[in-house]
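# Fold and contact review
The residues making up each chain are set out below.
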Amino acid sequence: MSYSAQQTLASFSKLKETLSGEIVCPGDEGYEYGIARWSDSCAKQAAYVVFPKTNEDVSESIKFAREQNLELAVCCGGHSFSGSSSTEGGVAIHLGKYINYARCDPEKRLLYVGGGATWEVVERVGMEHGLATVAGSVNHTGVGGLALGGGYGWLTGRYGMTVDNIVQLTVVLASGEVVTANEKEHPDLFWGCRGGGGNFGVVTEFVFKAHPQRPTVFVTYLLYAMEKLESVLHAIGEWEKNAGPDEGVHWGCLRVLPGMKPGTPNLLVIFFYNGEAAEGRKAAKMFYDVGPTAEKAMDELPFVKLNSLQNDADAHGGRKYIKGLPNRSTPPIEAIQAVLQAQEELIKSHPSLVHCGIVYDASPKQAALAVPLEATAYAGRGTGCQGILISFYKDPSLDDVVRSAVRQWAKIMTEMTEAAVNDAGKAAESVGICYSNLDPEASSSDPSTVFGPNYPRLREVKRMYDPENIWNKWHPIEPAELPN
Ligand SMILES: Cc1cc2nc3c(=O)[nH]c(=O)nc-3n(C[C@H](O)[C@H](O)[C@H](O)COP(=O)(O)OP(=O)(O)OC[C@H]3O[C@@H](n4cnc5c(N)ncnc54)[C@H](O)[C@@H]3O)c2cc1C
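The model shown is predicted, which means the values in this text are computed figures rather than measured ones. (Residues numbered from 1 in each chain as written. Predicted model: local features only at pLDDT ≥ 70, side-chain atom pairs only at ≥ 80, totals over all residues. Heavy atoms only, no water.)

### Topic: unusual backbone geometry
Although it is not a glycine, Arg109 sits at a positive phi angle of roughly 55°. Residue placement: Arg109 occurs in the loop between β5 (102-105) and β6 (110-114). Phi is positive for His186, which is not a glycine, with a value near 45°. Relative to the helices and strands, His186 resides in the loop between β9 (178-181) and α7 (187-193). Given the relative accessible area of 30%, His186 is considered partly exposed. (Helix = DSSP H or I, 4+ residues; strand = E, 2+ residues; numbered from the N terminus. Buried < 20%, exposed > 50% of the residue type's maximum accessible area, 1.4 Å probe, protein only.)

Laid out in structure tokens, this is it:
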């Protein structure tokens, strides 16, 4: 064994003894769990996976990786579809196994959440006290990546982005030091972590504002024939004009829906109302007027089940390529039809594809827009709706084909939407960039576009907290140069 291999082994053994959690290598029990990600295409062969239990464990793991000159990756729920929570040959710090708690302080209306928790835990614990915060709409998603990247969900209309609800963070820095970040302590770090992702360290605890939440909500799934597309788009436009903060709409053209013939696209509208069913139905009148072919209404859906409704459709496993679209107005019918046609062609030439679809979140933006753009590092606040193009498949040999097809669909959708917006003279209202967490090419995207006007300050914060840029797997921020 060479001298350096002996040294690595000695450091590894020392770390193993020091940790109250675990460290595993390829072949060890728990390793496959440690590298598995929501999309199989994002799993990478780490040299070591650490399952920390404490801040000290995280700190020691960082020091070990730096001594050994190994890349670091941090995993919470593993849902990043850019692979940013995985490392090939480096050290993966997997927070999800042990640091996955949530506890509630009902008097102060605060939720304390471990950096490796999923939203399901947060919702369950919060609702034991009738309290909730802004979670994503699929609750097996991790708190860590979603909250640090921005975060939106059904409660965004009322309470803004997830980042707008963070009041404190515990962060293990690149140096191994553990710090508290809030408005008073390390305020720059606090600002940067709210939208700057994992660029500044490992967040081991989040503290969120929690809001009173009624126990049940109204949700309805409305299914339409594709011929109704134009009328549904019109209804969305009408609804958006006066949408209340307690309402929300997801809509999409999907090819795999329970009970539907696979392959043919179906048009689905999911309407959410945080209140009584009768009022919800009134608010959704324009969608009923279009004439759905089927409806599945949940009049008194327990709030804790709301964000589990889409869990199965978005289950772990298989390969996925998903691309978010720039935040814009609802796309024109021609753009949707062109993308559906392109998807049809891909399915015809590759029948093993599991699913392709177009999904939009058209939830109200007033609360998110009420927060000034520079108040947090998150730069995606815009008046438009969030579109996503998805493709699920199993065969790894299709990776390149699927990626290039989805990029092409995104180009079609973006260009045709842009043209329609310009034709209508609405350019001013369509501000907004692609949501950082929906970018499958996060590590190579231009950060000045992703972070917009907040990028110069983010570079300063990076210089203060990670000057050697060891946290570089998401949208890496270039540390600002030291002044002469
Ligand atoms: C099925 C599905 C549904 C989704 N729905 C929504 C939605 O409704 N709203 C929304 O806003 N987004 C949504 N997203 C996008 C989501 O925000 C991202 O996929 C996000 O990366 C998920 O976070 P994670 O912790 O599961 O991911 P991970 O892959 O674990 O992490 C993502 C990134 O965050 C970093 N990170 C994670 N935790 C920490 C931590 N504690 N400290 C430091 N860095 C950390 C990782 O290093 C990595 O770079 C959805 C994604 C999927 C797959």
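### What to know about the pairing of strand β18 (residues 386-393)
Burial analysis of β18 places eight of its eight residues in the buried class, the great majority of the element. Note: strand β16 (residues 319-324) against β18, six bridges, orientation antiparallel. Note that in β18 the partner of Lys323 across the bridge is Leu389. In this sheet, β18 lies alongside strand β17 (residues 355-361) in antiparallel orientation, the contact comprising seven bridges. When the bridges of β18 are listed, Asp361 appears paired with Gln386. (Pairing = 2+ DSSP bridges.)

### Side note on the packing of helix α1 (residues 3-18) against helix α3 (residues 55-67)
Relative to each other, α1 and α3 sit at 175°, their axes nearing to 10 Å. One way to sum up the angle between α1 and α3 is to call them roughly antiparallel. Of α3, the residues touching α1 (which contributes Thr8, Ser11, Phe12, Leu15 and Thr18) are Asp57, Glu60, Ser61, Phe64 and Glu67. In the contact of α1 with α3, the residues fall into three nonpolar, four polar and three charged. (Axes fitted to C-alpha atoms, helices over the stretch in contact; angles between N-to-C directions. Parallel < 35°, antiparallel > 145°, perpendicular 65-115°, else oblique. Contact = heavy atoms within 4.5 Å. Nonpolar A, V, L, I, M, F, W, Y, C, P; charged D, E, K, R; others polar.)

### Remarks on the site of the ligand
Around the ligand, the surrounding shell holds 32 residues, and the nearest of these are Val74, Cys76, Ser85, Tyr152 and Tyr435. A distance of 2.9 Å separates an oxygen atom of the ligand from a polar backbone atom of Ser80. Leu146 is positioned such that a nitrogen or oxygen atom in its backbone is 3.2 Å from an oxygen atom of the ligand. Taking 950 Å² as the accessible area of the ligand by itself, protein coverage stands at 95%. Looking at the shell around the ligand, the elements that each hand over two or more residues are β3 (72-75), α5 (143-149) and β10 (202-209). It is α5 that contributes the most residues to the shell around the ligand, four residues altogether. Split by residue class, the shell around the ligand holds 14 nonpolar, 17 polar and one charged. (Near = heavy atom within 4 Å. Polar contact = N/O pair within 3.5 Å; in protein donor to acceptor, adjacent residues only side chain to side chain. Areas by Shrake-Rupley, 256 points an atom, 1.4 Å probe, with all protein chains shown as cover.)

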